[in-house]
Amino acid sequence: MGLRARVFHLAVGTDPKLRRMLRYWAASTALYAVFAVLIGVESGARELGLGLYAALGSSAFYLLVRASARLCLRPHTLAAWQGLFGITCNMWAYSITGPLRGATLMGLMVVVVFCTFALRPRQTLLLALCGLLGMGATMWWHQLREPLRYPPRVEALTFAIMAGCSLTVTFLTGEMNKLRARLKAKRETLEGALDTIRLLATTDELTGVSNRRHMNEVLGDEERRAPPRPACVALLDIDFFKQINDRHGHAAGDAVLRAVAVRLRAGLARGATLARWGGEEFLVLLPAVALDDAQAFIESLRAAMTGLVVPGVDPDLRVSFSAGVAARLGAEPFSATINRADKALYDAKAAGRNRVERAA
């Protein structure tokens, strides 16, 4: 990482939320700077104190935002403090500006709009009321001390217009905030629904492993690899599953399927994919594995079934599976590899079950 990148990361951090808060800080600082320049044109040297006050305040808020995580300062707390700081800047600007001082009142509405992104509607209203109280007190003080420069009637009308505009902006931003919250809630609901749909589309509901559709997608991705890599598939079939259903009921059969899936998934090798292929059959994809190693691995899974206890089912029930293993030949379709594995599975059943056979 270069020096420039390190300095940039030191200044703005790497957290997206922190960077967003610093962008708001930069926008408000730029606004203070523009106001200071415009006020300077009107008031001359009198804006130097306000400029220094705004610069020091902005610097302090940069440090607070940058260290907000360590100081446990929440965004709405920082926004409220910055809003109050902006109100004091507005009060000062109104006091030192000449005939154009009415234009500075628009800054109060800008403060409210900036803070609405972090504050709740009620908090935004309280901030707007604080702004009206502060500006009202400032205007009342000046018309009391200098009635010729600050005519009471003009100040009263100006305050009334400012109050109406400020409260209207506060109401509209509050409604916008509510709308944004509703849209966010709907988006989260939609994302949750999409995750559920995606899960249902790729997962077998009973066993929790991949379903046949998802396995076909995985096999298709493997077929499209260039160049093709060695891979093996194993087709597993629970022994005497029909008898389990007939003697113990379909609920017991479902429990056996779930227990077998849990045991298989627990022993699954890294990179392998397990799917319920249909009924009591499971398919295992073993990429980048030779046939001897694949057979040994499936044999270890078969051995792990010894002593499997299925909750809610006769403890004397012995669960085992037969399996056929086949290696993919070159770039052949996996359908051909699975067919050979199926034939090997048939050989395993014919040889007495509870065994693993490899395709010729």
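Here's a quick rundown of the structure. (Residues numbered from 1 in each chain as written. Predicted model: local features only at pLDDT ≥ 70, side-chain atom pairs only at ≥ 80, totals over all residues. Heavy atoms only, no water.)

Looking at the nonpolar core
The tendency in soluble globular proteins is for nonpolar side chains to be buried as a group.
Next, step 1: In this structure, Leu236, Val256, Val260, Leu264, Phe282 and Ile298 are the most contacted members of the largest nonpolar core, which totals 35 residues.
Next, step 2: Sorting the residues of this core by element identifies β1 (231–238), α10 (241–248), α11 (250–266), β3 (281–287), α12 (291–304) and β4 (321–327) as the ones contributing at least two each.
Next, step 3: Ranked by residues supplied to this core, first place goes to α11 with 8 residues. (Core = buried A, V, L, I, M, F, W, Y, C linked by side-chain atoms within 4.5 Å. Buried < 20%, exposed > 50% of the residue type's maximum accessible area, 1.4 Å probe, protein only. Helix = DSSP H or I, 4+ residues; strand = E, 2+ residues; numbered from the N terminus.)

Concerning the environment of Gly51
Next, step 1: Residue placement: Gly51 occurs in helix α3 (residues 47–66).
Next, step 2: Separated by 18 residues in the primary sequence, Gly51 and Ala33 place their C-alpha atoms 7.9 Å from one another.

As for the layout of surface pockets
Next, step 1: Roughly 1,000 Å³ of volume is contained in the largest pocket.
Next, step 2: For the largest pocket, the lining is made up of 31 residues, of which Pro75, Phe117, Ala118, Leu119 and Arg180 are closest to its centre.
Next, step 3: When residues of the lining of the largest pocket are assigned to their parent elements, the largest contribution, 8 residues, is made by helix α2 (residues 16–43).
Next, step 4: Of the residues contributing to the lining of the largest pocket, the split by class is 18 nonpolar, 6 polar and 7 charged. (1 Å grid on protein atoms, 1.4 Å probe; cavity = no way out; pocket = protein on both sides within 12 Å on 5 of 7 lines; lining within 4 Å. Points joined across faces, edges and corners; volume = space filled by probe spheres on them. Nonpolar A, V, L, I, M, F, W, Y, C, P; charged D, E, K, R; others polar.)

Structural notes on the packing of helix α6 (residues 106–115) against helix α7 (residues 121–145)
Next, step 1: Between α6 and α7, the least distance of the axes is 10 Å, while the angle of their chain directions is 160 degrees. The angle between the axes of α6 and α7 places the two elements in the roughly antiparallel class. Every pair of crossing elements has a handedness; the one defined by α6 and α7 is right-handed. Only Thr124, Leu127, Ala128, Gly131, Leu132 and Met135 of α7 make contact with α6, whose side of the interface consists of Leu108, Val111, Val112 and Cys115.
Next, step 2: Partitioned by chemical class, the residues of the contact of α6 with α7 number 8 nonpolar, 2 polar and no charged. (Axes fitted to C-alpha atoms, helices over the stretch in contact; angles between N-to-C directions. Parallel < 35°, antiparallel > 145°, perpendicular 65-115°, else oblique. Left-handed = near helix turned anticlockwise from the far one by under 90°. Contact = heavy atoms within 4.5 Å.)

Regarding the pattern of salt bridges
Next, step 1: In total, this model carries 13 salt bridges according to the counting rule given.
Next, step 2: The salt bridge partner of Asp246 is Lys242, with a shortest N-O separation of 3.0 Å. One end of the pair is Asp246 and the other is Lys242, both in helix α10 and 4 residues apart, which spans about a single turn.
Next, step 3: Asp246 sits in the exposed class, given a relative accessible area of 55%.
Next, step 4: Residue class for Lys242 comes out exposed when judged on its relative accessible area of 61%. (Salt bridge = Lys/Arg side-chain N within 4 Å of Asp/Glu carboxyl O.)

Section: the sheet that holds β4
Next, step 1: Taken in spatial order, the 5 strands line up as β2-β3-β1-β4-β5 in an open sheet, and their pairing is mixed. What marks the edges here is a single partner per strand, and that holds for β2 (273–278) and β5 (356–358). If you compare each strand with its neighbour and ignore which way they point, the axes differ by 20 degrees on average.
Next, step 2: Both β1 and β3 contribute to a ladder of 7 bridges, which runs antiparallel. Looking at β3, one finds that Ala234 is bridged to Val284.
Next, step 3: Strand contacts of helix α9 (residues 212–223): β2 and β3, with the helix running at about 125 degrees to β2, the strand carrying the most contacts. (Pairing = 2+ DSSP bridges.)

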